[in-house]
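The primary structure of each chain is shown beneath.
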Amino acid sequence: MDFKIQSMNIYFIFPLFTAILVLYLGVFLFLKNRDSGVHRSFFYMCLSIFGWMFSYSIVYFTNSLKIAFYLTKLGCVCAMFTAPTQYHLAVNYLNKINERKLVKIVYYFASALFLSFMYTKYFLDVPYRYYWGYYSKAGILHPLYILFHFSVVGRSIIILSPYREDNLHLFPQKRIQIRYLFLAFIIGSLAAVDLVQKYGIEFYPIGFIFLIIFPFIIFYAILKHRLLDIRVIITRATIFIFLYSLIFALP
């Protein structure tokens, strides 16, 4: 496969760093409790974000239209699954048994969209070429996906709302945990600002900023309030190992 590299292009670094950071958090929490449905759904969400950001880091890095076209599709498919996995996490975390059938329906619909994203031009067309590199171009049916995405994300945020009546009766620590998870979901959802570039608006995608803030909120809530029922003892050695492995994994 012909992989042409853009010279002096540093724009790929930001999504690559984001991908590594989010995947690191997802794997870390998953290994804490592999049997937990909450931890698995959180890992799936982090894996979706990783696939999204990692694919685009390569897209920004290549001059090959063929590779860019394929990887923009793959990156968008991964981004598409952030909404179902986020909803799945919210339902598992709050143990909303009556919503689990709806979670399955959302996954089925996303799987159907996957085929259209990858093998047709109805949702994604030949990518744009911007100053930072290639970027996906919305097809004629892309607004249908936007409606699906915000409907699912909106539902997950609504059921996690700390002001929702059935959440007000939970234990105080659980309510605090919900507030942090709710805040992380709100900030993470702001990464959808990167949708506008698909419609010909040329400014560098800044969604990675919100996706970097997201894991730090989660990690702080774990340290301070045992979010996801995880207790982590932080020492200087732990901090050093985390930063060392994160930074030196980037090259």
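Up top is the structure.
Throughout what follows, the structure given in this document is the object of discussion. These figures come from a predicted structure and were not determined experimentally.

1. Focus: the overall build of the chain
- When helices and strands are tallied, the chain shows nine helices and two strands.
- Ordered by position from N to C terminus, the α and β elements of the chain give α-α-α-α-α-β-β-α-α-α-α.
- The proportion of buried residues among the 251 residues of the chain is 49%.
- Nonlocal contacts in the chain, meaning residues at least 24 apart in sequence, comprise 71% of its contacts between residues at least 6 apart.
- Counting every atom, the chain has about 13,000 Å² of accessible surface; 68% of that belongs to carbon and sulfur.

2. Quick word on the packing of aromatic side chains
- Scanning the model with the defined rule gives 22 aromatic pairs in all.
- Between the aromatic rings of Phe117 and Phe123, the centroid separation amounts to 5.1 Å while the plane-to-plane angle is 20 degrees, which identifies the pairing as stacked.
- Three or more aromatic residues link up through ring pairs in this structure, and these residues are Tyr11, Phe14, Tyr56, Tyr60, Tyr128, Tyr130, Tyr131, Trp132, Tyr135, Tyr204 and Phe208.
- The ring centre of Tyr134 lies 4.6 Å from the NZ or CZ of Arg129, which sits over that ring.
- Cation over ring: Lys174 sits above Tyr93, and NZ or CZ is 3.9 Å from the ring centre.

3. Remarks on helix α6 (residues 142-160)
- An ideal rise of 1.5 Å per residue puts 27 Å on 19 residues; α6 measures up with 28 Å between its terminal C-alpha atoms.
- Residues His142, Tyr145, Phe148, His149, Val152, Val153, Ser156, Ile157, Ile159 and Leu160 constitute the buried set of α6.

4. With respect to empty space enclosed by the protein
- As enumerated under the stated definition, the model contains two cavities of 30 Å³ or more in all.
- Counted as a void, the largest cavity has a volume near 350 Å³.
- Around the largest cavity sit 28 residues that line it, and Trp52, Ala79, Thr82, His149 and Ala192 are the ones nearest its centre.
- Of all the elements in the fold, those that place two or more residues in the lining of the largest cavity are α2 (37-61), α3 (65-80), α4 (82-94), α6, α7 (172-189) and α8 (207-225).
- When grouped by side-chain class, the residues that make up the lining of the largest cavity number 19 nonpolar, seven polar and two charged.

5. Topic: the pairing of strand β2 (residues 133-138)
- With respect to burial, β2 is a largely interior element, five of its six residues being buried.
- As paired elements, strand β1 (residues 124-130) and β2 share five bridges and run antiparallel to each other. Counterpart to Arg129 in the pairing with β2 is Tyr134.
- The hairpin turn running from β1 into β2, its antiparallel successor, is two residues long.

6. Brief notes about the pattern of salt bridges
- For the structure on display, the rule yields one salt bridge.
- Measuring nitrogen to oxygen at the nearest pair gives 2.3 Å for the salt bridge that ties Arg155 to Glu99. Linking Arg155 in helix α6 with Glu99 in the loop between α4 and α5 (100-119), this pair joins segments that are 56 residues apart in sequence.
- On the accessibility criterion, Arg155 (27% relative accessible area) is partly exposed.

7. Thoughts on the packing of α2 against α3
- Packing of α2 against α3 brings their axes to within 7 Å, and their N-to-C directions diverge by 160 degrees. Accordingly, the angle class assigned to the pair α2 and α3 is roughly antiparallel. Crossing of α2 over α3 shows left-handed handedness. Contact with α2, carried on its side by Ser48, Gly51, Trp52, Ser55, Tyr56, Ile58 and Val59, involves Ala68, Leu71, Thr72, Leu74, Gly75, Cys76, Cys78 and Ala79 of α3 and no other residues of that element.
- When grouped by side-chain class, the residues that make up the contact of α2 with α3 number 10 nonpolar, five polar and no charged.

Cut-offs applied
Residues numbered from 1 in each chain as written. Predicted model: local features only at pLDDT ≥ 70, side-chain atom pairs only at ≥ 80, totals over all residues. Heavy atoms only, no water. Helix = DSSP H or I, 4+ residues; strand = E, 2+ residues; numbered from the N terminus. Buried < 20%, exposed > 50% of the residue type's maximum accessible area, 1.4 Å probe, protein only. Contact = heavy atoms within 4.5 Å. Areas by Shrake-Rupley, 256 points an atom, 1.4 Å probe, with all protein chains shown as cover. Phe/Tyr/Trp six-rings, centres within 6.5 Å; stacked < 30°, edge-to-face > 60°. Lys NZ or Arg CZ within 6 Å of the ring centre and 35° of its normal. Expected span 1.5 Å × (residues − 1). 1 Å grid on protein atoms, 1.4 Å probe; cavity = no way out; pocket = protein on both sides within 12 Å on 5 of 7 lines; lining within 4 Å. Points joined across faces, edges and corners; volume = space filled by probe spheres on them. Nonpolar A, V, L, I, M, F, W, Y, C, P; charged D, E, K, R; others polar. Pairing = 2+ DSSP bridges. Salt bridge = Lys/Arg side-chain N within 4 Å of Asp/Glu carboxyl O. Axes fitted to C-alpha atoms, helices over the stretch in contact; angles between N-to-C directions. Parallel < 35°, antiparallel > 145°, perpendicular 65-115°, else oblique. Left-handed = near helix turned anticlockwise from the far one by under 90°.

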